[in-house]
Structures are given as C-alpha cells and as structure tokens.
Amino acid sequence: MRVLVTGSEGFLGKHVSAVLKTKGHQVVGLDSAPTADIVADITRVLPVMELDAIVHLAAVASPNICTANPELAFSVNVLGTQQVLRLALESGAKKFVFSSSAHVYGVGPKYLPTDEYHPLFLQNTYTTTKILGEQLCQLFYDNHGLSYTVLRLFNAYGPGQGLGYFIPDMLAKARTGEIILKGGKTTKDWVYVDDVARAFVLAVETPYVGVMNIGSGREMRLEGIACAIAAYTGAKVHWVDGGDVTRMRADWSRAKGILGWEPTMKLEDGLRAVCSDAKARSLVA
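Conventions used here
Residues numbered from 1 in each chain as written. Predicted model: local features only at pLDDT ≥ 70, side-chain atom pairs only at ≥ 80, totals over all residues. Heavy atoms only, no water. Pairing = 2+ DSSP bridges. Helix = DSSP H or I, 4+ residues; strand = E, 2+ residues; numbered from the N terminus. Axes fitted to C-alpha atoms, helices over the stretch in contact; angles between N-to-C directions. Parallel < 35°, antiparallel > 145°, perpendicular 65-115°, else oblique. Left-handed = near helix turned anticlockwise from the far one by under 90°. Contact = heavy atoms within 4.5 Å. Buried < 20%, exposed > 50% of the residue type's maximum accessible area, 1.4 Å probe, protein only. Right-handed = clockwise from strand over helix to strand, strands pointing away. Core = buried A, V, L, I, M, F, W, Y, C linked by side-chain atoms within 4.5 Å. Salt bridge = Lys/Arg side-chain N within 4 Å of Asp/Glu carboxyl O. Expected span 1.5 Å × (residues − 1). Arc of directions from axis to C-beta. Phe/Tyr/Trp six-rings, centres within 6.5 Å; stacked < 30°, edge-to-face > 60°. Lys NZ or Arg CZ within 6 Å of the ring centre and 35° of its normal.

### Regarding the sheet that holds strand 2 (residues 26-31)
Link 1 in the chain: Across the sheet, seven strands lie side by side as 3-2-1-4-5-6-11; this open sheet has parallel pairing. Only two strands of the sheet have a single neighbouring strand rather than two, namely strand 3 (38-39) and strand 11 (210-214).
Link 2 in the chain: Where strand 6 (residues 147-153) lies against strand 11, five bridges are found, and the strand directions are parallel. Opposite Thr 149, over in strand 11, you have Gly 210 as the bridge partner.

### A look at the packing of helix 7 (residues 222-233) against helix 9 (residues 267-280)
Link 1 in the chain: Relative orientation of the contacting elements helix 7 and helix 9 amounts to 45 degrees, with a least axis distance of 10 Å. Judged by the inter-axis angle, helix 7 sits oblique to helix 9. Here helix 7 runs over helix 9; the crossing is right-handed. On helix 9, the residues that touch Ile 225, Ala 228, Ile 229 and Tyr 232 of helix 7 are Leu 267, Leu 271, Arg 272, Cys 275, Ser 276 and Lys 279.

### A word on unusual backbone geometry
Link 1 in the chain: With an omega of -5 degrees, the peptide bond between Val 107 and Gly 108 qualifies as cis.
Link 2 in the chain: As for its position among the elements, Gly 108 is in the loop between strand 5 (95-101) and helix 4 (125-144).
Link 3 in the chain: Here the amide bond leading from Leu 112 into Pro 113 is cis, since omega sits at -15 degrees, within 30 degrees of zero.
Link 4 in the chain: With respect to the helices and strands, Pro 113 occurs in the loop between strand 5 and helix 4.

### Describing the pairing of strand 8 (residues 178-182)
Link 1 in the chain: A one-sided burial pattern is seen for strand 8, the buried positions being Ile 179 and Leu 181 and the unburied ones Glu 178, Ile 180 and Lys 182.
Link 2 in the chain: Where strand 8 lies against strand 13 (residues 236-240), five bridges are found, and the strand directions are parallel. Residue pairing in the sheet places Glu 178 in a bridge with Lys 236 of strand 13.

### Some points on the pairing of strand 2
Link 1 in the chain: Of all the six residues making up strand 2, five are buried; the element is thus mostly covered by neighbouring parts of the structure.
Link 2 in the chain: Note: strand 1 (residues 2-6) against strand 2, five bridges, orientation parallel. When the bridges of strand 2 are listed, Leu 4 appears paired with Val 28.
Link 3 in the chain: As a crossover connection, the stretch from strand 1 through helix 1 (residues 11-22) into strand 2 is right-handed.
Link 4 in the chain: Sheet topology note: the strand 2/strand 3 ladder contains two bridges and is parallel. Residue Asp 31 lies in a different strand from strand 3, and its bridge partner there is Val 39.

### Comments concerning the nonpolar core
Link 1 in the chain: Within the largest apolar cluster, 52 residues are counted, with the highest numbers of intra-cluster contacts made by Ile 167 and Phe 200.
Link 2 in the chain: No other element matches helix 6 (residues 193-205), which puts eight residues into this core.
Link 3 in the chain: Apart from the residues within four sequence positions on either side, Phe 200 is in contact with Leu 12, Val 16, Val 55, Leu 57, Val 97, Ser 99, Leu 151 and Leu 153.
Link 4 in the chain: Core analysis: the second largest hydrophobic core is formed by 31 residues, Ile 42, Leu 51, Ala 58 and Leu 87 among them.

### Notes on the pattern of salt bridges
Link 1 in the chain: Applying the stated criterion across every chain, the model contains 10 salt bridges.
Link 2 in the chain: Because the salt bridges share partners, they merge into one network encompassing Lys 185, Arg 221 and Glu 223.

### A short note on helix 9
Link 1 in the chain: Between its terminal C-alpha atoms helix 9 stretches 20 Å, which fits the 20 Å expected from 14 residues at 1.5 Å a residue.
Link 2 in the chain: Inspection of helix 9 places Leu 267, Gly 270, Leu 271, Val 274, Cys 275 and Ala 278 among the buried residues, and these make up the whole buried set. Projection of helix 9 onto a plane perpendicular to its axis shows the buried side chains occupying an angular sector of 130 degrees, all on one side.
Link 3 in the chain: Contacts from the buried residues of helix 9 go to strand 7 (155-157), helix 5 (166-175), strand 10 (190-192), strand 12 (220-221) and helix 7.
Link 4 in the chain: Taken from the residues just after helix 9, Ser 282 is the one with a positive phi, measuring 60 degrees.

### Describing the packing of aromatic side chains
Link 1 in the chain: Going through the model one piece at a time under the given rule, you end up with five aromatic pairs.
Link 2 in the chain: Note on Trp 252 and Trp 261: the rings are 5.8 Å apart at their centroids and 85 degrees apart in plane angle, and the pair reads as edge-to-face.
Link 3 in the chain: The class for Trp 252 is buried, based on a relative accessible area of 18%.
Link 4 in the chain: The rings of Tyr 157, Phe 166, Trp 190 and Tyr 192 are connected pair by pair, giving a single aromatic cluster.
Link 5 in the chain: A cation over an aromatic ring shows up here: Arg 254 above the ring of Tyr 117, its NZ or CZ 5.2 Å from the ring centre.

Treat this as a map of the structure, not an account of what it does.
Written out as structure tokens, the structure is:
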C-alpha cells in the first residue's frame, strides 16, 4: 500500500513510518519540516497524489500550547484534519487513521479502566479539537464512505521524545542533578512508542471503522517514573505538595479483539531504553 503519513518528522511519525516500511508499505512523509518527502502546511490546500491510505499524526499535540494559542490549535487540529480528509478523498485513499488522545475522556475519567464507551469531555482546547477531529472522520465516512479508524492514545513515550512531555522533562531535570516533582501521586498509563507505532500499522490494514484505545492497562504514579529516572541517572528527587491527583488506565481489549494488538514493552524496560538513549546522546550525565 502507498501510505501518506502526516507529521512524519515528529516523534511518533518517525516510528510509524519505520514500521510501515518494515511491513512492505510505501511511505510518503508529509510535514512542515524541510526533511519531509512533501513539505506542506496542512491548513492549506494539499497536493493530490495517488494513495491507498493516510495516517494523520500532524497536530498541535501540547495541551498547554493549545490553551495559550487556541487559534493555532483549531487551525491545525480541526481545519488541518478536514484538509487531510479532503486529500484522502481526492487521492483515492480507502483508509484514514486518525491519532486522538485518551484526554477526550477527561483527566481523570469517571471510571477505570476506561473503555471506548466512556462519555467524552470537552475539558480544554486540546481535547475539544481532538473530539472535533474524530467527528470529522465520522462525517467523511457518513457522507463519502471513507473508512476510518481512530486511535485514542494514552501516554506514549520512548527514545527521542521532545520536551513538553513528562518523561523527557524529568530527564532534563535529572541532568541538573535534582528532580523537583509536584503531584507525584497522579497516575498515567504509559505505552511504549514501538507498540503505538505497531497499532497504527494494524489500523491501516483493518476494515474496522470506529475508535479504539491504545494503552498498557497499567497505572504508574508520576513519582514512580521520577524515582526510576533518578535511580538510573544518579539524580535526587524532592517532592512538593499540591496539585490535583488524577488517575488514568486504559481498557485496550477492543484493540486486542479487532487488531490482535497488545502492548509488549514492559514499563521498566521502556524506561531503561529511554534513559540509555538519553545518556548515549549526552542528554543526562
């Protein structure tokens, strides 16, 4: 299959593209970065090409940036998604895979583990744009028959992830020799990037239309992550009281039943890989 990956030069885009290639798919990368196969702004008219599928990853993915600049968030995450969906139709693509977020359930959700039947919550600008993106996928399916699969990602992590996410931020603090952590009792569901990338490839190949969670089904406190990083790097951890305590844990049984997908990387091994990579690149001592 000839698959277009938007956001191909990003953290997740690079991993998804690599796995698609190992499965024998022809990958065309689209990104605003000059290293992409196609350099383009997804909020503008996109070049039509022959395609079998699109994996749409390009987005303003930081909730904080979305809150600070809602115009940018709606332009990229909503208008941009509509533009890429239109490109799918014009290019003859038969499958559209959209990257969404478990934050659409709220942080934290009403029950754990959280399945796809959980009500959606317009918590902030970021989650609102993701819900609208999902609804656009449904609209193009209803009106044009474009098959889609939405993957609601829990906390993806792995080597090479940029700042602005918890694990890279903790590694940056560890480099100073001290990690100061607030709200350490909060839990997240961490899923390794290679497992996430594999889910996207399976989603490209499935006829399933709808949404599914991609997570590990395991909670880990933020303080546990910080302590693991501190133990590896030799940094010290200091706790600061305050902050709301929330919990996240995925029910990923739908992905297993439909895609045959399940997470394979243990959190302890994944953290070790992230820390080893950071040390190899001199990002930590």
